[in-house]
Structures are given as C-alpha cells and as structure tokens.
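Here is what each chain is made of, one letter per residue.
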Amino acid sequence: MRRPFIAANWKMHKSPLEAESFAAAFLPLVEKVTSVDVAIAPPFPALERLGRALARSPVALAAQNVNAEEQGAFTGEVAPGMLVAVGCRYAIVGHSERRTLYAESDAMVAAKAAALLAHDVLPIVCVGESLEQREADRTLQVIETQLAGSLASIPKERAAEIVVAYEPIWAIGTGKTATPEMAQEVHAMIRERLGDLFGAAGAEIRIQYGGSVKPDNVAELMSQTDIDGALVGGASLEPESFAQIVNRAGGSA
Ligand code: PEP
C-alpha cells in the first residue's frame, strides 16, 4: 500500500559537476528497480545540474532545506518557489543537524513543511531523539512533541503526501544503527500519532528510517511493518553503495 521510498541526503558534499557524474554512474545501476521511489538531495548549487541529469529518469530531485517565506530580505535563504523552478519534488525539513546547529524549532519546521506543500513540493519531515534523551527514557515523549509541533500546519486533506523520517541522532553518521526492532517500536508509535493527527491518512504516510543505513542493513530494516524506506547520508555518496541500497529496498540482491 505504501510505496517504499529511499532518499539520499548529500549534506554539504559534491559540486554540480560531481553531482552530474554521480547521476551518470548511478542511473544505469538502478534502472531495473521499478517498485521503489528514489530521490537525491544535493546542496543547493548542484540542484539545477543534477535535475537536468535526472530529468528523463524516475529518480526525483530533492532539497535539503527551504525558507518558509515567499521572497524578501532573507540573506542566504532559498524560497519554496525557487525549488519548484529547478524541479524539486521533495525537500527535507527539520533535519537534526538543522535543529541543533541552526536552532530550528518545531514551529519553524511546521512553517517550512506547510509552505512546501502549498507549492506541491513534498516535505520529508525529520524527527529523532538524542542519546541523552534515549538514555533518560524520553524517546517517545520527544518524538511525540516534535511530531505535534512540526506537523501542526499540515492540512488534513494533504497529509497522505508528506513523508516522515525517524532519525535517532545517536545513529546519524556514527555507524551505530538502531536495531530493526528498536526502530520499529518508534515507527509504530509515530504511525499511531499520525493517525491521531490525520485520521485514516496516517496509515498512508511513508515513514523512513535514517541513521547509518547501508547496503547490509537496509533490507532487514525495511522488513519491519512500519518502516517504509530510508533517508541515507554517508552511504548515498557513492553511486555503487546507494544503488545497492535502492536495489535491496526493491527486493533484489
Ligand atoms: C542523515 O543525516 O540523514 C543520515 C541518516 O546520515 P547517515 O546515513 O550518514 O547516518
């Protein structure tokens, strides 16, 4: 019912030229995978060139951030309409690096997600607990608060289009992955809260797992009932490893 969705988050890596070379190497490696949605989020300067390289493929273009305003005196920021103009289908919002390094609040994430949807760019809304919060047994409470705050401005009738990414902060870029059972426990709770917030649409929302996803662990993670895909950082930087992840998410070796 929910189509698996694998997205690459390149963070602050790759020039426009490197992004184009990646696409040339990556696309032939995933051409047989038809059962998985795939997106790549490069840094802003590479969006246009990567978008051209992906144009005749099923792989979608995504942004890593956005400003909620339409235009104006916001030095250094990028508006939703600008993402539309370069062909973005998705944008990541509320990544833990933005929440912690750039003080993004749930309210800011909510405004960004709603602004994106208004432009038909689908938000990938990230939530996740820190190690300290997990050890203090506060994981579920933290995630609940983030969900309620970050999704507060999503209209019910469009809720099924959004994507939620559960990314435990302690698993991002550390090589430590949550066990499939640990991840499923949180995903199931997220699914329940999405139902509370959006009714039947909660069952349609795709929930990705993120945090040191690799070719070796993606299939087991995705075998869990409420894990519908992955948001991949480090392992998405090489065409071969990202292609293996996509292929395994689609059920081939
Ligand atoms: C991320 O930052 O979204 C991420 C999941 O990174 P990594 O796969 O490198 O842990």
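Residues numbered from 1 in each chain as written. Predicted model: local features only at pLDDT ≥ 70, side-chain atom pairs only at ≥ 80, totals over all residues. Heavy atoms only, no water.

A word on the overall build of the protein chain
Right, on to step 1. Regarding its fold elements, the protein chain presents ten helices and eight strands.
Right, on to step 2. Taking 2.2 N^0.38 as the reference for a compact globule, 253 residues should give roughly 18 Å; the C-alpha atoms of the protein chain span a radius of gyration of 17 Å, in line with that estimate.
Right, on to step 3. Across the 253 residues that make up the protein chain, the buried fraction comes to 54%.
Right, on to step 4. By element, 53% of the accessible surface of the protein chain is carried by carbon and sulfur atoms, the whole surface being about 11300 Å².
Right, on to step 5. Seen as two clouds, the 22 positive and the 31 negative side-chain charges of the protein chain have centres 4 Å apart. (Helix = DSSP H or I, 4+ residues; strand = E, 2+ residues; numbered from the N terminus. Rg over C-alpha atoms; globule rule 2.2 N^0.38 Å. Buried < 20%, exposed > 50% of the residue type's maximum accessible area, 1.4 Å probe, protein only. Areas by Shrake-Rupley, 256 points an atom, 1.4 Å probe, with all protein chains shown as cover. Lys, Arg positive; Asp, Glu negative; His and termini not counted. Charge placed at Lys NZ, Arg CZ, Asp CG, Glu CD.)

Focus: the environment of G234
Right, on to step 1. Structurally, G234 can be placed in the loop between β8 (229-232) and α10 (239-249).
Right, on to step 2. On the basis of relative accessibility, which here comes to 60%, the residue G234 falls in the exposed class.

Regarding the sheet that holds strand β6 (residues 163-166)
Right, on to step 1. The sheet built from eight strands closes into a barrel, its strands ordered β1-β2-β3-β4-β5-β6-β7-β8 with parallel pairing. Across the sheet, the mean angle separating the axes of adjacent strands is 25° when strand polarity is ignored.
Right, on to step 2. Relative to the sheet, helix α8 (residues 180-198) contacts β5 (122-127), β6 and β7 (206-210), its axis offset from that of β7 by approximately 150°. (Pairing = 2+ DSSP bridges. Axes fitted to C-alpha atoms, helices over the stretch in contact; angles between N-to-C directions. Contact = heavy atoms within 4.5 Å.)

Examining the packing of aromatic side chains
Right, on to step 1. In the structure shown here, the tally under the stated rule is five aromatic pairs.
Right, on to step 2. Counting every residue linked through ring pairs, the aromatic cluster contains W10, F22, F26 and F242.
Right, on to step 3. Just above the ring of W10 sits the side chain of K14; from NZ or CZ to the centre is 5.3 Å. (Phe/Tyr/Trp six-rings, centres within 6.5 Å; stacked < 30°, edge-to-face > 60°. Lys NZ or Arg CZ within 6 Å of the ring centre and 35° of its normal.)

Looking at the environment of V127
Right, on to step 1. Along the chain, the position of V127 falls in strand β5.
Right, on to step 2. Taking C-alpha positions, V127 is 8.8 Å from V142, a pair spaced 15 residues apart along the chain.

Topic: the site of the ligand
Right, on to step 1. Neighbouring the ligand are 14 residues; K11, H95, E167, G173 and S212 lie closest to it.
Right, on to step 2. Within the contact set of the ligand, an oxygen atom lies 2.8 Å away from a backbone nitrogen or oxygen of S212.
Right, on to step 3. Within the complex, 96% of the 290 Å² of free accessible area of the ligand lies under protein.
Right, on to step 4. For the ligand, the cavity whose grid points lie within 2 Å of the majority of its atoms is the second largest pocket. (Near = heavy atom within 4 Å. Polar contact = N/O pair within 3.5 Å; in protein donor to acceptor, adjacent residues only side chain to side chain. 1 Å grid on protein atoms, 1.4 Å probe; cavity = no way out; pocket = protein on both sides within 12 Å on 5 of 7 lines; lining within 4 Å. Sits in = over half its atoms within 2 Å of the grid points.)

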